[in-house]
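# Overview (structure and organization)
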Amino acid sequence: MLERKNYTASEIEAGRNIIEADLRAYRRLPAVAKTREFEAAFFNRAVLILDYLFVHRLPSMEGNEGNPLNEVRILCNSLILNRGKLQLEILPDWPASAGESLTLPVEKSVLTLRGGDDVKLSEADFVRLSKAFFAEIEKKFR
């Protein structure tokens, strides 16, 4: 696996542009299309895209103290491996589903979700999370 210790300013900006383009597309939808169900599906998938843009970030540089990078990683694992329920512990059938040292204290979390909560992001949730994620990427990987 290719692990990255840093990202260039242009790579970070390109990632931001992708996320902003998706936000603009969502905002152009007619109000009747923006049901809670669609909003959650759209922004849950946006979290997967956000993570994938920087998927090769080196975990030791990311840290494990419950920062926005950890939160996005945990949200992705929860969406993909735990049927959309926030999952902080290793699942019995999926030993690689969570890092043993990865934590997400509620008081440090952007979304303040607790283990077992449904992961259903709103537009406002995603905007807060993506801003915090990009700030942390710039702080730790530039």
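Shown above is the structure to which this text applies.
To start, this report covers the structure provided alongside it.

Here is what the cut-offs are and how they apply
- Residues numbered from 1 in each chain as written.
- Predicted model: local features only at pLDDT ≥ 70, side-chain atom pairs only at ≥ 80, totals over all residues.
- Heavy atoms only, no water.
- Salt bridge = Lys/Arg side-chain N within 4 Å of Asp/Glu carboxyl O.
- Buried < 20%, exposed > 50% of the residue type's maximum accessible area, 1.4 Å probe, protein only.
- Helix = DSSP H or I, 4+ residues; strand = E, 2+ residues; numbered from the N terminus.
- Expected span 1.5 Å × (residues − 1).
- Arc of directions from axis to C-beta.
- Contact = heavy atoms within 4.5 Å.
- Axes fitted to C-alpha atoms, helices over the stretch in contact; angles between N-to-C directions.
- Parallel < 35°, antiparallel > 145°, perpendicular 65-115°, else oblique.
- Nonpolar A, V, L, I, M, F, W, Y, C, P; charged D, E, K, R; others polar.

Turning next to the pattern of salt bridges. Applying the stated criterion across every chain yields a total of 11 salt bridges. We note a salt bridge from Asp51 to Arg57, for which the minimum N-O separation is 2.9 Å. In this pair, the class of Asp51 matches that of Arg57, namely buried. Put simply, Lys85 and Asp118 hold a salt bridge, and the shortest N to O gap is 2.6 Å. In this pair, Lys85 is assigned in the loop between helix H4 (68–81) and helix H5 (123–141) and Asp118 in the loop between H4 and H5, connecting sequence segments 33 residues apart. By relative accessible area, which is 40% here, Asp118 ends up partly exposed.

In this model, helix H1 (residues 9–28) (20 residues) spans 28 Å end to end at C-alpha, consistent with the 28 Å of a helix rising 1.5 Å per residue. Along H1, the residues classified as buried are Ile12, Gly15, Arg16, Ile19, Leu23 and Tyr26. One side of H1 holds all its buried residues, which, seen down the axis, span an arc of 95°. Facing away from the buried surface of H1 by more than 90 degrees, the exposed residues are Ser10 and Arg28.

With 19 residues, H5 extends 26 Å between its outermost C-alpha atoms, agreeing within 8% with the 27 Å of an ideal straight helix rising 1.5 Å per residue. Along H5, the positions that sit buried rather than exposed are Glu123, Phe126, Val127, Leu129, Ser130, Ala132, Phe133, Phe134, Glu136, Ile137, Lys140 and Phe141. In this fold, the buried residues of H5 make contact with H1, helix H2 (36–53), helix H3 (59–62) and H4.

Glancing now at the packing of H2 against H5. In a pair of packed helices, the angle between the axes and the distance between the axes together describe the arrangement. Across the interface, H2 lies against H5 with an axial gap of 9 Å and an inter-helix angle of 10°. As far as their axial angle goes, H5 and H2 are roughly parallel. From H2, Glu39, Phe43, Ala46, Val47 and Leu50 reach across to H5, where they touch Glu123, Phe126, Leu129, Ser130, Phe133 and Phe134. Class assignment for the residues of the contact of H2 with H5 results in eight nonpolar, one polar and two charged.

Keep in mind these numbers describe shape, not what the thing actually does.
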